[in-house]
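Architecture at a glance
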Amino acid sequence: IDSKILKIASLPGLSWKGLRIQKIFKIVEGDKVIPILMLSKRLINQSGMDALYLNALVDFRFIDVLFKKNNIENTGEIYMVTEEGVFLSNSRFGAKAFQSKISMQATPAKNKSAAFETIDYRGKSVLQSQQKIPPFNWTVVADQDMFEILNRIKQLERKALIYALITGCVVFLLAFLISTA
C-alpha cells in the first residue's frame, strides 16, 4: 500500500462500531478511476499504547455492478452520491464517479414524500427517491424518467377506457334485447 494511503489512516474521520471511516478517495489505474473507501481500526497492545492500525480498502466497483443490475424499466437507475452530490458510483447513463455531480437541493427532507419529481443530472424530469446511509452521510439515489412513468399510466388509462366502452356496449345491447323481447 502506498505511504500516502497509510497517512490517511492516521487522520481523524467518522467512527462507527470502533472503525474509523476515512473519506473516500480515488485510485487511478490507467484510464480507470476507482473509488476506494478506507476503514481503519486502531489496535492497542498489552500496555494500552497504540500499537498498529489495521486498514481495509473497499473497492466501490463492486457497488457499481450491484447498482447497474436493477429492474427499473428502461430509464431507471440507482447510484450513490456524497452529501455534496459528488457521484461515488458510475451511473447507467454516463455520470462518472468523482467526476460528475448532482444538486442535493431537492431532497426528501425538504420534500416530505418518499418519492418526488425533480430534474436529474442529465437535465431530465425524473421521479426520484433518496435514502441516506448513516454514518457515512452518503445518499443512494434511485430515479426513473417521468416520461416513461407517465407513458405507462397513459397505457393503463387507454385500456381502462376501452374496457369501459366494451362493457357499456354489452350492457346497452343486453338492455335493448331484453326490452324488445
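Here is what the cut-offs are and how they apply
- Residue indices begin from 1 for each chain and proceed along its sequence in written order.
- Residue-level local features of this predicted model are given only where pLDDT is at least 70; pairs of side-chain atoms are given and counted only at 80 or more, and the full residue set underlies all totals for whole chains, interfaces and linings.
- Water and hydrogen atoms were dropped before computing side-chain values, which therefore reflect all heavy atoms in the structure.
- At least two bridges found by DSSP between two strands is the condition for calling them paired.
- The helix count covers DSSP runs of H or I at least four residues long, the strand count covers runs of E at least two residues long, and both are numbered beginning at the N terminus.
- Simply put, an axis is a line fit to the C-alpha atoms, just over the touching stretch for a helix, and the angle between two N-to-C directions goes from 0 to 180 degrees.
- Between two residues, a contact is recorded if the distance between any of their heavy atoms is within 4.5 Å.
- Put simply, the grid is 1 Å and covers the protein atoms alone, a cavity is a trapped set of points that fit a 1.4 Å probe, a pocket is an open set with protein on both sides within 12 Å along at least five of seven lines, and lining residues have an atom within 4 Å of a point.
- Grid points are joined across faces, edges and corners, and a volume is the space filled by probe spheres set on the points.
- Polar here means any residue outside two lists: the nonpolar Ala, Val, Leu, Ile, Met, Phe, Trp, Tyr, Cys and Pro, and the charged Asp, Glu, Lys and Arg; Gly therefore counts as polar.
- The residues that make up patches have over 30% relative accessible area and no salt bridge, and they are joined within 9 Å when like-charged or within 5 Å when they are Val, Leu, Ile, Met, Phe, Trp or Tyr.
- Calculation of accessible area relied on Shrake-Rupley with a 1.4 Å probe; when residues are assessed, cover is drawn exclusively from the protein chains displayed.
- For this analysis, a salt bridge means a side-chain nitrogen from Lys or Arg found within 4 Å of a carboxyl oxygen belonging to Asp or Glu.
- Exposed residues in this analysis have more than 50% of their type's maximum accessible area, buried residues have under 20%, and partly exposed residues fall in between, with area computed by a 1.4 Å probe over protein chains only.

**So, the sheet that holds strand β6 (residues 77-81)**
Strand pairing within a sheet occurs via backbone hydrogen bonds; the two strands may be parallel or antiparallel. Pairing is antiparallel in the open sheet, where four strands are placed in the order β6-β9-β8-β7. Strands with a single pairing partner mark the edges of an open sheet, and in this sheet they are β6 and β7 (115-119). Put simply, the sheet's adjacent strands are angled 35 degrees from each other on average, direction ignored. Two elements, β6 and strand β9 (residues 138-145), share five bridges in a ladder whose sense is antiparallel. If you follow I78 over to β9, its bridge partner there is A142. Helix α3 (residues 146-180) contacts β7, β8 (125-133) and β9 of the sheet and is inclined by roughly 50 degrees relative to β9.

**Topic: the side chain of D59**
With respect to the secondary-structure elements, D59 resides in strand β5 (residues 50-59). If sequence neighbours within four positions are ignored, D59 has contacts with I34, P35 and I36.

**Quick word on the layout of surface pockets**
Here the second largest pocket is characterised by a volume of approximately 160 Å³. In terms of lining residues, the second largest pocket is bounded by D31, K32, V33, R61, D64, N90, K96, A97 and Q99. At the level of secondary structure, the elements contributing two or more residues to the lining of the second largest pocket comprise β4 (32-44) and α2 (61-68). Residue composition of the lining of the second largest pocket, by class: two nonpolar, two polar and five charged.

**Considering a nonpolar patch on the surface**
A grouping of I162, Y163, I166, V170, L173, L174, F176, L177 and I178 is seen on the molecular surface, where their side chains present a nonpolar patch of about 940 Å² in accessible area. Tracing the chain through its elements places L173 in helix α3.

**Structural notes on the pattern of salt bridges**
All told, the structure shown has two salt bridges when counted by the stated rule. Of the charged contacts, one joins D120 and R122 as a salt bridge, the two residues approaching to 2.9 Å between their closest N and O atoms. Here R122 falls in the partly exposed class, since its relative accessible area comes to 26%. D145 is the partner of R122 in a salt bridge, and the nearest nitrogen-oxygen pair spans 2.5 Å. Of this pair, R122 sits in the loop between β7 and β8 while D145 sits in strand β9, and the two are 23 residues apart along the sequence. For D145, a relative accessible area of 8% gives the class buried.

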